[in-house]
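The lines below spell out each chain.
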Amino acid sequence: MSTFTFTIIKPDAVRASNIGNILAMINKAGFRIVAMKYLKLSEQQAGQFYAVHAHRPFYSELVAFMSSGPIVTAVLEKEDAVASFRTLIGATNPAEAAEGTIRKLYAANVGENAVHGSDSDENAQIEANFFFSSLDRF
Ligand code: CMP
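Our subject in this report is the structure included herewith. (Residues numbered from 1 in each chain as written. Predicted model: local features only at pLDDT ≥ 70, side-chain atom pairs only at ≥ 80, totals over all residues. Heavy atoms only, no water.)

Time to look at the overall build of the chain. Within the chain one finds seven helices and four strands. Seen in sequence order, the chain has helices and strands lined up from the N terminus as β-α-α-β-α-α-β-α-α-β-α. A compact globule built from 138 residues would reach a C-alpha radius of gyration of about 14 Å, and the chain, at 14 Å, matches this within 12%. Taken over the C-alpha atoms alone, the chain extends approximately 35 × 35 × 25 Å along its principal axes. When burial is assessed residue by residue, the chain has 45% of its 138 residues classed as buried. Expressed as a percentage of contacts within the chain between residues at least 6 apart in sequence, the contacts between residues at least 24 apart total 76%. Entry remark: accessible area of the chain is about 7200 Å², with carbon and sulfur atoms responsible for 54%. Here the chain contributes 12 positive and 14 negative side-chain charges, whose respective centroids are spaced 5 Å apart. (Helix = DSSP H or I, 4+ residues; strand = E, 2+ residues; numbered from the N terminus. Rg over C-alpha atoms; globule rule 2.2 N^0.38 Å. Buried < 20%, exposed > 50% of the residue type's maximum accessible area, 1.4 Å probe, protein only. Contact = heavy atoms within 4.5 Å. Areas by Shrake-Rupley, 256 points an atom, 1.4 Å probe, with all protein chains shown as cover. Lys, Arg positive; Asp, Glu negative; His and termini not counted. Charge placed at Lys NZ, Arg CZ, Asp CG, Glu CD.)

What follows is the structure, given as structure tokens:
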């Protein structure tokens, strides 16, 4: 069954001019782009988006990084989208990411790891709703 996931191309990947390379990999892997935006989060908005990690020691670093420059957010559709996309992006820590994955190719470290991918259908819905209304989806 066709399902949805949510992704962010993070500030490090945007700064490194990797938006095009990453979108090409996403398309080549068979995802359909349902919605997409180029924007910059305020610290407050980044803190709100990552509120589930508020108790983690790296939270303030994460919020500062995610509000440090523009990002691309998108909703992606494919069969088994969440799991399929997590395979495409590789492990959270690029040092542990498989060859040929987006993070292996384009991420520097666990904090600046080029892309975000939802970890469940439920979170994909919540995260997509943070950035997009039903009118933004095609
Ligand atoms: P993401 O999938 O966007 O969701 C939470 C983020 O927290 C994760 O990607 C990582 O970039 C970040 N993160 C996880 N562990 C660490 C860490 N030890 N130090 C800094 N950032 C981290």
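Here the narrative resumes, following the displayed structure.
The next point concerns the site of the ligand. The environment of the ligand is made up of Lys10, Tyr50, His53, Phe58, Glu61, Leu62, Thr92, Arg103, Val110, Gly111, Asn113 and His116. Here an oxygen atom of the ligand and a side-chain polar atom of Lys10 are 2.8 Å apart. In this structure, Asn113 approaches the ligand through a side-chain N or O atom, which is 3.3 Å from an oxygen atom. Protein contacts shield 79% of the accessible area of the ligand, which totals 460 Å² for the unbound molecule. Among the cavities detected, the one that contains the ligand is the largest pocket. (Near = heavy atom within 4 Å. Polar contact = N/O pair within 3.5 Å; in protein donor to acceptor, adjacent residues only side chain to side chain. 1 Å grid on protein atoms, 1.4 Å probe; cavity = no way out; pocket = protein on both sides within 12 Å on 5 of 7 lines; lining within 4 Å. Sits in = over half its atoms within 2 Å of the grid points.)

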